[in-house]
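# Notes for the structure review
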Amino acid sequence: MFQSLRLPPRGIDIAQGKGKYLMQHRGCSILKGADDMVIFHELFWRLRPATVIELGTFTGGSAVWMADMLRLMEVDSTIYSMDIELSNLEERVKEIKPSNVHFFEGNSYEIEKTFTSEMLQSLPHPWLVIEDAHTNINGIMNHFGSYMKTGDYFIIKDVHPNLPRDIGKDGSIYGDDFETIGPSAIIEMKKFLSQHANEYAVDSFYTDFFGYNGTWNMHGYIRKM
Ligand SMILES: C[S@@+](CC[C@H](N)C(=O)[O-])C[C@H]1O[C@@H](n2cnc3c(N)ncnc32)[C@H](O)[C@@H]1O
């Protein structure tokens, strides 16, 4: 069920946005808040995804972290991390690159060209599909949703309206413009969930792990029913 869009009573604060852009794992940058890294960790353990699809690679640190966490949990998993351009892939990520991580270029607006029907039918479940390119969210959910099975998950990232727009490489937050990704992501998620009523549920175990929607990914932990 899609809950109301009221902001969390305490939840995430703008000041936490800085830390979100300073997170590292083994010297690789990751664009995730500490709270969401804990929530991902819980989801990894409970779901034990055989396939992880990350849309939006950026530095690649996130994929390395996910691979490391899943290996520690003895989950046999393959990570497919796609970006429209891989020029931001960090040298440290290239040094470490676990063998079960595949980085490749592709466009979220033409997702069916990269994640073809044939490929998706061959990928083992459970799936964890992470939308972090902030583009074509409804189209992405429809495309992967067509091949999802009961128990698979979407994570739709950075839905929170207080996500800062301009972040420096050092984590500095510039300007007062916070409303960029969140509102359009909410509209697209809501559209998908209303088009697929009773097929998906926002999993409040994860969204409310740190209090009501205490996550940058408000309403964004979604289970295929
Ligand atoms: C927020 S970053 C991803 C952060 C990363 N997942 C992490 O947790 O560290 C968003 C990425 O999406 C990519 N992107 C933007 N538009 C895209 C598109 N149309 N298709 C694929 N990737 C795109 C950008 O190049 C950027 O690297």
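Our subject is the structure that appears above.
This structure is a prediction, so every number in the text was calculated from the model and none was measured. (Residues numbered from 1 in each chain as written. Predicted model: local features only at pLDDT ≥ 70, side-chain atom pairs only at ≥ 80, totals over all residues.)

Whether parallel or antiparallel, the strands of a sheet pair through hydrogen bonds between backbone atoms. Spatial strand order, β5-β4-β3-β6-β7-β11-β10: seven strands in an open sheet with mixed pairing. The two strands at the open ends of the sheet, each matched to only one other strand, are β5 (101-105) and β10 (200-202). Geometrically, the sheet is characterised by an average inter-axis angle of 15° between neighbouring strands, direction not taken into account. Bridge analysis of β10 against strand β11 (residues 221-224) gives three bridges, and the strand direction is antiparallel. Residue pairing across strands places A201 opposite R223, the latter belonging to β11. (Pairing = 2+ DSSP bridges. Helix = DSSP H or I, 4+ residues; strand = E, 2+ residues; numbered from the N terminus. Axes fitted to C-alpha atoms, helices over the stretch in contact; angles between N-to-C directions.)

So, about the pairing of strand β3 (residues 51-55). Of all five residues that make up β3, four are buried, and the element is covered over most of its length. Two elements, β3 and strand β4 (residues 78-83), share five bridges in a ladder whose sense is parallel. Looking across to β4, one finds that I53 is bridged to Y80. With respect to chirality, the unit in which β3 leads through helix α3 (residues 61-72) into the neighbouring parallel β4 is right-handed. The pairing of β3 with strand β6 (residues 127-131) spans five bridges and is classified as parallel. (Buried ≥ 20, exposed ≤ 12 C-beta atoms within 10 Å, placed from the backbone. Right-handed = clockwise from strand over helix to strand, strands pointing away.)

Taken together, 20 residues sit near the ligand, with G56, F58, S62, S108 and A133 positioned nearest. Residues that form the shell around the ligand fall into these classes: six nonpolar, nine polar and five charged. (Near = placed C-beta within 6 Å. Nonpolar A, V, L, I, M, F, W, Y, C, P; charged D, E, K, R; others polar.)

Bear in mind that shape data such as this cannot, by itself, settle questions of function.
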